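Structural characterization, general
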Amino acid sequence: MLFRRIVVNCGLRIVSILRCRSNPQQHFASSYSNKSTIYALSSAPGKSGVAVIRVSGDESANVIMKMTRFQTLPKPRHATVTNIFNHHSGEHLDKAMVIWFPRPHSFTGEDVCELHVHGGNAVVSSIFRALSELPGLNHAEAGEYTKRAFLNGKLDLTEVEGLGDLIHAETEEQRKQALKQMDGLLKSVVETWGKDLLNCLAHLEAYIDFGEDQHIDDDVIDDVTTKINSLAAQIQEHLNDKRRGELLRSGVRLAIVGKPNVGKSSLLNLLTTKQTAIVSPIAGTTRDVLQSTIDVNGFPVIISDTAGIRDTTDVIESEGVRRAKEAALIADLVIFVIDAMEIIQSNLTTYVKSINKQLDCINENQRTLIVINKIDLMKSSQMEILKSSLKNCDSDMMVTTLSCTTQTGFKQFLNDLSNQVKILCLGDDSSPFSPSLTQERHRAHVANCFTELCHCQSVLKDDVVIAAEHLRLAMNNLGKLTGKIGAEDILDVIFRDFCIGK
Ligand code: GDP
């Protein structure tokens, strides 16, 4: 039986092992035409004190020698101040700083030189003209330096994505997350999983090949089972991270909902610190969903102000109400605004508990922050009653009081909002780790890897050969995540968002 399995398995394994162990990044690199030397402005376009022009490729040394008239290349990675000339016309173009990065110790892994020139448009244009007249040089395409870095094995795909996120980071927490990814946080997690998988696979292969002849202990299967169980549990923990990394990367969706005239638009304007929405005592002013992105304590939040939810026969308003409910349903966090005068007349706990039913647009598991607005209109005796009802309010939802007009309670509201957003993006104190999956692409490959591990677990005791094949498939998915496998298909998508010069 074991012999039959080995024979059947041979063809399968040769293909699989080749698939697992060849380095498609290198294979792809050899088919990628990176013979030309590229140049581009790596600093922002426009007038500036200094502009950095980066040159990458075999001609980089030639560029330095011809444009500086040096007799020998400068000391690697040391800044040298020198005159820059047009090699053909001999014209003096600028006084600049030159740095030489011989391969492989450069960003792209190729020979690189950087020209730190004065950041005037005419200076940069004259240097570009001089570069274009040198043989073998082409202007770089968007993301081409990073693409070369990937193809030369300097960065894996997750690090490339981290770099892209770092360039696009708008808030402090996005910057921190992107930096961690660029520094290889996700890569190291995936590499550890990959090593464990390879180890299990090696044991299974040895068992398949030599199990009977060499008396390999049957404990091998038990050991591998234990390792795979532990690995599957770790991976599942990452998959159960409530998409925190993705939320932080793309922004927490927050919907402000409530009846008409309770102060939703006033709250949006307070949050965005400008007159984003029209505020009016006429009910039904906001008819569409208005979106704004703000930074709440370092976290990106995409706020949607919505039409007041009520029964209406007006066709346009009812479409607004439908959109409001939709925005609330897809939101990660809902702010439900109530008019304080309405709450006076009812029991707070009952009112708060009835909110889901009242509007049937909030999913029960959704984080909801209830804002009792217009407290400036309350008499002090009413305020006392409200305060004591708040203390005794028996609800999981958070309730806060506010006056958009006087801004009383706004600081506390911002604090509550920031805590909620932080929990959504980073988890609470019980969260075991900071999230490392920051994109749907990562999640899909990790989920596929997990599925293969589950298949492996279910057949391991009965069919070691099939179990081993599932382990290979699990490894392939990790390879796709880091770009070792199948990167050709997604490179264009990833580099599309990069700018020229990066
Ligand atoms: P929305 O329909 O829920 O978006 O409500 P608006 O923001 O347009 O406000 C409706 C009315 O309530 C406007 O006249 C606002 O000036 C008023 N309003 C909003 N917030 C407060 C508040 O805290 N106190 C008082 N007194 N009036 C407010």
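The structure this text deals with has already been given above.
To keep things clear, this report deals only with the structure shown in the data block. Bear in mind the structure is a predicted one, so any value in this text is a computation, not a measurement. (Residues numbered from 1 in each chain as written. Predicted model: local features only at pLDDT ≥ 70, side-chain atom pairs only at ≥ 80, totals over all residues. Heavy atoms only, no water.)

**Details of the sheet that holds strand 9 (residues 299-305)**
For the record, the criterion: The criterion for strand pairing is that DSSP finds at least two bridges linking the strands in question. Working definition: helices are DSSP H or I runs of at least four residues, strands are E runs of at least two. Numbering for both runs from the N terminus. Every axis in this analysis is a line fitted to C-alpha atoms, fitted for helices over the stretch in contact. Angles between the N-to-C directions lie between 0 and 180 degrees.
The 6 strands are arranged 8-9-7-10-11-12 in an open sheet whose pairing can be described as mixed. Both outer strands of the open sheet, strand 8 (290-296) and strand 12 (398-401), are each paired with one neighbouring strand and no more. This sheet shows a mean twist of 25° between the axes of neighbouring strands, independent of strand direction. Note that strand 8 and strand 9 share 7 bridges and pair antiparallel. Its bridge partner lying in strand 9, Ser292 is registered against Ile303.

**Side note on the site of the ligand**
Just so we agree on the cut-off: The rule for a residue being near a molecule or strand is that one of its heavy atoms must lie within 4 Å of it. Under this definition, polar contacts are N or O atom pairs within 3.5 Å; protein pairs additionally need one hydrogen-donor-capable and one acceptor-capable atom, and for neighbouring residues in sequence, both atoms have to be side-chain atoms. Lys, Arg, Asp and Glu make up the charged group, whereas Ala, Val, Leu, Ile, Met, Phe, Trp, Tyr, Cys and Pro make up the nonpolar group; the residues left over, Gly among them, are polar.
Near the ligand there are 16 residues, and of these Lys264, Ser265, Ser266, Asp376 and Cys404 occur at the shortest range. One of the side-chain nitrogen or oxygen atoms of Lys264 is found 2.8 Å away from an oxygen atom of the ligand. Within the side chain of Lys374, one N or O atom sits 3.2 Å away from an oxygen atom of the ligand. The greatest single-element share of the shell around the ligand, amounting to 3 residues, is contributed by helix 11 (residues 264-272). A breakdown of the residues in the shell around the ligand according to their chemical character gives 5 nonpolar, 8 polar and 3 charged.

**As for unusual backbone geometry**
Most peptide bonds take the trans configuration, and most residues that are not glycine carry a negative phi. Quick note on the threshold: Here's how the labels work: a residue is buried when its accessible area is under 20% of the maximum for its type, exposed when over 50%, partly exposed in between, all with a 1.4 Å probe on protein chains only.
Of note, the amide linkage connecting Arg103 to Pro104 takes the cis form, showing an omega dihedral of 5°. Positive phi is not limited to glycine here, since Arg243 has a value of about 55°. When you line up the elements, Arg243 lands in the loop between helix 9 (219-239) and helix 10 (244-250). Residue Arg243 is classed as partly exposed on the basis of its relative accessible area of 41%. We note that Gln407 has phi near 70°; this positive angle belongs to a residue other than glycine.

**Concerning the packing of aromatic side chains**
Under the convention used in this document: In this analysis, rings of Phe, Tyr and Trp, with Trp reduced to its six-membered ring, are considered paired at centre separations within 6.5 Å, and the interplanar angle assigns stacked below 30 degrees, edge-to-face beyond 60, and tilted for intermediate values. For a Lys NZ or an Arg CZ to count as sitting over a ring, it must be within 6 Å of the ring centre and within 35 degrees of the ring normal.
Per the counting criterion, the structure on display carries 2 aromatic pairs. The aromatic ring of Phe85 is capped on one face by Arg69, whose charged end is 3.7 Å from the ring centroid.

**Some words on the environment of Trp193**
Formally: What makes two residues a contact is simply this: any of their non-hydrogen atoms within 4.5 Å.
For Trp193, the position within the fold is in helix 8 (residues 185-210). The buried category is assigned to Trp193, whose relative accessible area is 2%. Through-space distance from the C-alpha of Trp193 to that of Met475 is 8.7 Å; in sequence the pair is 282 residues apart. Sequence-distant contacts of Trp193, defined by excluding residues within four places in its chain, comprise Leu231, Gln234, Ile235, His238, Val446 and Leu478. Within the structure, Trp193 has its side chain in polar contact with the side chain of Gln234 (distance 3.4 Å).

**Focus on the nonpolar core**
Nonpolar side chains in soluble globular proteins generally cluster together in the buried interior. Using the following cut-off: Side-chain atoms within 4.5 Å are what join buried Ala, Val, Leu, Ile, Met, Phe, Trp, Tyr and Cys residues into a set we call a nonpolar core.
In terms of nonpolar packing, the biggest core is built from 34 residues, with Trp193, Leu197, Leu204, Ile228, Ile235, Leu453 and Leu471 touching the most fellow members. Those elements that provide at least two residues to this core are helix 8, helix 9, helix 18 (440-459) and helix 19 (464-482). Of all the elements, helix 8 adds the most residues to this core, at 10 residues. By size, the runner-up hydrophobic cluster in this structure holds 29 residues, among which are Leu247, Ile335, Phe413 and Leu417.

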